Amino acid sequence: MCQNFPISRRDFLAGTGAMLLASHIPLLAESADEPIIDIHQHTDYAGRTHEHLLAHQRRMGISKTILLPAGTPAFGMSTHQGKTNGLQAKCSGNYVCYAISQKYPGEFTFGANEVPDLPDAVKEIEKYLKLGAPMIGELKFGLDCDSKEMQNIYKLAEEYKVPVLMHWQFQMFNYNFERFPKMLEKYPKVNFIGHAQTWWANIDKNHTDQNVLYPKTKVTKGGLTDRLLSDYANMYGDLSAGSGLLSMTRDEDHATDFLTRHQDKLLYGSDCDDIAGSGKACQGSQTISEIKKLASSKKVERKLLYENAKQLFRL
């Protein structure tokens, strides 16, 4: 299929290098008896090698990983004049994710992404949707969530029937979270996945200072995030990153209730850049442990760690 989409020499060399590196990594863990889908990982994350990525995912017991690419390096408003290229964490782009997924199709698949205000953004994303990407994201750019550029991507997601994963961070990425319900209403056939600091801070009805990205107080249910999950069939939540983990550990009684009420809407992701893959050094591993600890039943646990993602992404 790849011959239908010409690639640059840089992309070819990057992807080939990824496959060569990964080919020498031994299997470090047996397949989990209970499979886990990780919907949120990155290649070259904060300089992590492809060997370490593969070892990390296997050590965590992940059965299938979705690799989320960065967009093309750009130096405009949406990347803060290039300061947040690579999703602000040196992550690599579409072709590297695609190449690793082709080398290890049983363990990895790939998302599709591009800087939304580049002229060929839709064309670049569509290229990888045609190659089989089951989602778009993560969209982590300095634009209004209801801007024309973002809506062009939502329309593409609607056409290809794939979810969109969005990184919400106050005054940094995807501006004006409070206006997003209008997008959910305008694009009811698009499944949106919320992620990151502002998304998880707003599970709390009493969260009023949006400058606080990692609140540690007890949670009163009914915040904007809670309402979006309850009121819109096309809104989902990504439990990844420190913000997702904190949403559970800050108030475990609330978390058990929250996970139960939204058991069909929440998805496990790791989004961690360590090389440990286990224990306290690995946030993704801690998130798995916290889900297992707080899930009200085995049925809920399996939904969060596997079944919801399998269904949503048609894996």
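Counting from 1, residues in each chain are numbered in the order their sequence is written. Only residues with pLDDT of at least 70 are given local features in this predicted model, and only at 80 or more are side-chain atom pairs given and counted; all residues enter the totals for whole chains, interfaces and linings. Heavy atoms from the whole structure form the basis of all side-chain values; hydrogens and water molecules are not counted.

Asker: Can you help me understand the nonpolar core in this one?
Answerer: By nonpolar core we mean a set of buried residues, namely Ala, Val, Leu, Ile, Met, Phe, Trp, Tyr and Cys, connected to one another through side-chain atoms within 4.5 Å. A 1.4 Å probe rolled over the protein chains alone gives each residue an accessible area, and that area as a share of the maximum for its type sets the label: buried under 20%, exposed over 50%, partly exposed in between. Ile136, Leu139, Tyr154, Met166, Phe180, Phe192 and Met235 are the most contacted members of the largest nonpolar core, which totals 75 residues. Here a strand is any run of E in DSSP of at least two residues, a helix any run of H or I of at least four, and the numbering for each starts at the N terminus. Here the element with the most residues in this core is helix H3 (residues 94–103); it accounts for six residues. Note on contacts: a residue pair is in contact if any heavy atoms of the two residues lie within 4.5 Å. Apart from the residues lying within four places of it in its own chain, the contact partners of Phe180 are Cys145, Tyr154, Met166, Trp168, Phe192 and Met235. Among the nonpolar cores identified, the runner-up in size contains twelve residues, and Leu68, Leu165, Ile193 and Tyr236 belong to it.

Asker: How should the pairing of strand S5 (residues 164–167) be read in this particular structure?
Answerer: The side chains of a regular strand alternate between the sheet's two faces. A two-sided burial pattern is seen for S5, the buried positions comprising Val164 and Met166 on one face and Leu165 and His167 on the other. Of the pairings in the sheet, the one linking strand S4 (residues 136–139) to S5 comprises two bridges and is parallel in character. The residue bridging Leu139 from the neighbouring strand is Met166, located in S5. Once you follow S4 into helix H5 (residues 148–160) and on to S5, the crossover reads as right-handed. Note that the unit made of S5, helix H6 (residues 180–186) and strand S6 (residues 192–195) has a crossover that is right-handed. Criterion used throughout: strands pair if DSSP finds at least two bridges between them. Handedness is read with the strands pointing away from the viewer; a crossover is right-handed when the path from the first strand over the helix to the second is clockwise.

Asker: Got a minute to help me understand the side chain of Thr43 in this structure?
Answerer: Note on placement: Thr43 falls in the loop between strand S1 (37–41) and helix H2 (50–60). Only 2.5 Å separates the side chain of Thr43 from the side chain of Ser92, close enough to count as a polar contact. If we ignore the near neighbours within four places in the chain, the residues touching Thr43 are His50, Leu53, Leu67, Lys90, Cys91, Ser92, Val96, Cys97 and Ile100. Residues adjacent in sequence count toward polar contacts only when both atoms are side-chain atoms; beyond that, a polar contact is any pair of N or O atoms within 3.5 Å, and within protein one must be able to donate a hydrogen and the other to accept it.

Asker: Looking at this structure, how should I read the state of the cysteines?
Answerer: Think of a disulfide as a covalent bridge from one cysteine sulfur atom to another cysteine sulfur atom. Cysteine sulfur atoms that come within 2.5 Å of each other are treated as a disulfide pair. Counted by the stated rule, this structure contains zero disulfides. Cys91 supplies the cysteine sulfur nearest to Cys97, a cysteine that is in no disulfide, at a spacing of 8.3 Å.

Asker: Could you clarify how one ought to interpret unusual backbone geometry in this entry?
Answerer: Phi is mostly negative for residues that are not glycine, and the peptide bonds are mostly trans. The peptide bond linking Gly137 to Glu138 adopts the cis configuration, its omega dihedral lying at 5°. Its identity as a non-glycine residue notwithstanding, Gln171 has a phi of 60°, on the positive side. Looking at where Gln171 falls in the secondary structure, it is placed in the loop between S5 and H6. A relative accessible area of 58% means that Gln171 is categorised as exposed.

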